[in-house]
Amino acid sequence: MLQAAGLPAGYCPELWNLENPAAISKIHQTYIANGADIIETNTFGANRIKLEHYGLADQVATLNEAAVKAARAACAPHTKIAGSVGPTGKLLEPLGDLNFDTAVDVFQEQIRALVAADVDMIIIETIIDLQEMRAALIAAKTVTTKPVICQLSFGADGRTITGTDPETAAIVLSALGADVIGANCSLGPAQLLQVIEQLALHAQTPISVQPNAGMPELIHGETVFPMTPAEMAEWAPKLAAAGASYIGGCCGTTPAHIQAVKTALLHVSVTRQARQRRFDLALTSRTRTVHIGSKQPLALIGERINPTGRKAMAAEIKAGNFIGVKKEALGQVAAGAKILDVNMGVPGIDQAAAMTTVFHELSMLVDVPLVIDTTDAAALECALKAYPGRALINSVSAESERLASFLPLAKKYGAAILCLPLSDKGVPRTAAERLQCARQIIAAAFAAGLKPNDFLLDALVLTTAAEQNAALETLATLRLYRQELGYPSTMGLSNVSFGLPQRPIVNAAFCAMALEAGLDAPILNPYDERMKETLAAAAALRGEDPCGQQYSLLYAPNSAPLEAKSAALTLDTLGQIKSAVLQGEKESVIPLVEQALQEGFSSLVITDNALTAAMNEIGIAFGAGRCFLPQVLLAAETMRSAFLTLKKHLPAEAETYLGTVVIATVKGDIHDLGKNIVAALLENNGFKVIDLGKDVAPDCIVEAVRIHKPDIVGLCALMTTTMTKIDETIAAIKEAGLSPYTIVGGAVLTKEYALAAAADCFAANGVDAVTLAKSFMKENK
């Protein structure tokens, strides 16, 4: 609509807030006249990172305030103004190079300007990464008390680009204090229906939805959204029934669409049952949620990422080497841990820096939720910033200093807390005293703004060898927690056997007794065979393993030879390299490649049989939804480390690339996040990439093709208004007599659109782009 009003292609839309506010107000008025209750300011790209492209980074406050003024001029008496906050266009560390604190500062600057201009609410929208949404929401909550709407963009698989599902999004954003949670863009109403159902099921807030008017098509050289106002209106009651309280539209949604949706909803009455009060605790990674509670399966917390009493691990961490930590993470998850406790308590190190590094690394490596185990408030905050999910803080005691320093951080970052019954008076010996201590922590937590589903209660395990009734008091504490408070419980099992012989026997017996007393999430060593046997038997006896089917698979007489055979299998060096890539072990892969070269394997064999084989397997897992972009990027980084090692040892041979790719975001489009991901994946998979950047004119792309003679040209468009530049650019390349293979992609593109634009193929994501590029090069060697 701005372009129809005269905005030149490639011009900064937000600059018109100053230069042509009447045109902005007129568009707002049109939507209001057609039934819009809430209008969004023309500030989607008005953060300093996006504005920097136009040389306007110092105009954030001016442009945002002018946008609100233009919106206010159009308002009817009951119209509300939502200050629109879009993404920065960069991925946050460790997926990208944007620092979390910088992202928060960027969002604070924009939101502060919108609030100063008196918007009624903030809407953070079209966000594809949960970590960026966390930064934006934290920024909003530190700047304003006005309502904040948080809308993520989901793909056809029901997840964001970085792998977050609706349940995880709802839990993380609810805990962070979002006032409304929803979805917008990327998909039409039919595809978003199930996303809204899942958000409504798990969020503690109202739900919003702004679908596209169908998926775009290229018709006679123009981008067209095929869904008519009447068709979109048919979906509005269905979205309301699915749980949406706020319904609008995104790409392709004209005033006529809003009018039709408004009419369709006039007589819709939705009766929703009040949510039952539950004390189940939910922890998440970026891509997965684990529930803890009496009605949930046992949640095992792996205890082994802890340097206390482990000299080798402590020495590695002190040296800045986290290979052992990552191996422990992978091993514990493979052994059945559903959550991992992470402790960096090594004397003499910068624990805050270590926490940042390890939480970045582990968040890409494993998909289970993490526990931040520290007594240092600065280290805790660094870990909370780095972690792209809902973490558990281990621990918050009733000691006054701990309450004062840890509870505000839990509130700010949406974390849950492990309540440890210790006080300024010391260790409470009896169950009754521990219950009272837990009540004290919970009361302080409520006063700090935490909620009933934010607590995991530790029963406190003391050593039986030193205190006769230690175990009995712990078991009594578990029962009191369940009866009096109702919150889920945890404890570290192994303390009970300290100083006794054959500790696994004591630990396993104590575990069985604790499960009967109400233990929900034991902290243990998941490698302990006797403990694994006890837990497997307990699952059958508790009805969690129906009729003992899983127990039978593990412990039937014929399973032992299989286990022995499996344990006897060892990978050769190429297999270890492949495994290192699959697991994202960047440090481990380098000596393995050197070893393979010493064993006489050629770089071609190493590349084909180990590196390429691993990435092919990653691609299959990604396509099947078994892994997500963070794991793909980590595997690609590991593969790049291997390539660089090969190049170092065999420079002449390693100089050969799989092929050359020229890649660019088309003219008028300043969004390059997706393009940057594709470029990184192509480079890490052995391609030479010439990245022309964003907002690149067709003649510049043609000239680059002439100079570099690439095998492949990759073109990206993320805006509906710039999609037609895809076919213009392809036409210009062909008119110049050049014929590289063309791959196109972008959030708003479809396969049908790509074919209509005369592209050779369409890539739905970065992994597809690499697969297509490899297939083309293989066929055209």
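Before reading on, note that the structure itself is shown above.
None of these values were measured; they are calculated from a predicted model.

Novice: What's the story with the pairing of strand β23 (residues 741-745) in this structure? I'm lost.
Specialist: If a strand is regular, its side chains alternate between the two faces of the sheet. Burial within β23 is extensive, with 5 of its 5 residues counted as buried. For strand β22 (residues 712-716) and β23, the ladder comprises 5 bridges, and the chain directions are parallel. Bridged to G714 within β23 is I743. With respect to chirality, the unit in which β22 leads through helix α29 (residues 724-735) into the neighbouring parallel β23 is right-handed. For β23 and strand β24 (residues 761-762), the ladder comprises 2 bridges, and the chain directions are parallel. When the sheet's bridge partners are listed, V744 is paired in β24 with F762.

Novice: Help me understand the side chain of N42 in this model?
Specialist: Within the element layout of this structure, N42 appears in the loop between β1 (38-40) and α3 (48-51). Residue N42 is classed as buried on the basis of its relative accessible area of 15%. Side-chain polar atoms of N42 contact the backbone oxygen of P13, separated by 3.0 Å. Reaching out from N42, the side chain makes a polar contact with the side chain of N17 at a distance of 3.0 Å.

Novice: I would appreciate a short explanation of the nonpolar core in the present structure.
Specialist: With 191 residues, the main nonpolar core has I124, L173, M344, F359, I417 and I577 as its most contacted residues. Here this core gets 10 residues from one element, more than from any other, and that element is helix α25 (residues 629-649). Ignoring sequence-local partners within four residues, the contact set of L173 consists of L130, M133, L137, C150, L152, A178 and I181. Among the nonpolar cores identified, the runner-up in size contains 24 residues, and L218, A704, L715 and M723 belong to it.

Novice: For this particular structure, what's the right way to read empty space enclosed by the protein?
Specialist: Left-over empty space is what a probe sized like a water molecule reveals as it rolls over the atoms. Scanning all chains against the criterion turns up 1 cavity of 30 Å³ or more. The calculated volume of the largest cavity comes to roughly 30 Å³. If you tally residues by element for the lining of the largest cavity, the top one is helix α9 (residues 229-242), at 4 residues. Of the residues assigned to the lining of the largest cavity, the class counts are 8 nonpolar, 1 polar and no charged.

Novice: It is not clear to me how unusual backbone geometry should be interpreted in this structure. Could you clarify?
Specialist: For residues that are not glycine, phi is negative in most cases, and the peptide bond is trans in most cases. Along the chain, E93 connects to P94 via a cis peptide bond; the corresponding omega equals 5 degrees. Mapped onto the elements of the fold, P94 is located in the loop between β2 (80-85) and α5 (100-116). Even without a glycine there, the phi angle at D695 is positive, about 55 degrees. Secondary-structure assignment places D695 in the loop between β21 (688-691) and α28 (698-708). The exposure class assigned to D695 is buried, which follows from its relative accessible area of 18%.

Procedures and definitions
Residues numbered from 1 in each chain as written. Predicted model: local features only at pLDDT ≥ 70, side-chain atom pairs only at ≥ 80, totals over all residues. Heavy atoms only, no water. Buried < 20%, exposed > 50% of the residue type's maximum accessible area, 1.4 Å probe, protein only. Helix = DSSP H or I, 4+ residues; strand = E, 2+ residues; numbered from the N terminus. Pairing = 2+ DSSP bridges. Right-handed = clockwise from strand over helix to strand, strands pointing away. Polar contact = N/O pair within 3.5 Å; in protein donor to acceptor, adjacent residues only side chain to side chain. Core = buried A, V, L, I, M, F, W, Y, C linked by side-chain atoms within 4.5 Å. Contact = heavy atoms within 4.5 Å. 1 Å grid on protein atoms, 1.4 Å probe; cavity = no way out; pocket = protein on both sides within 12 Å on 5 of 7 lines; lining within 4 Å. Points joined across faces, edges and corners; volume = space filled by probe spheres on them. Nonpolar A, V, L, I, M, F, W, Y, C, P; charged D, E, K, R; others polar.

Nothing here speaks to function; it is geometry throughout.
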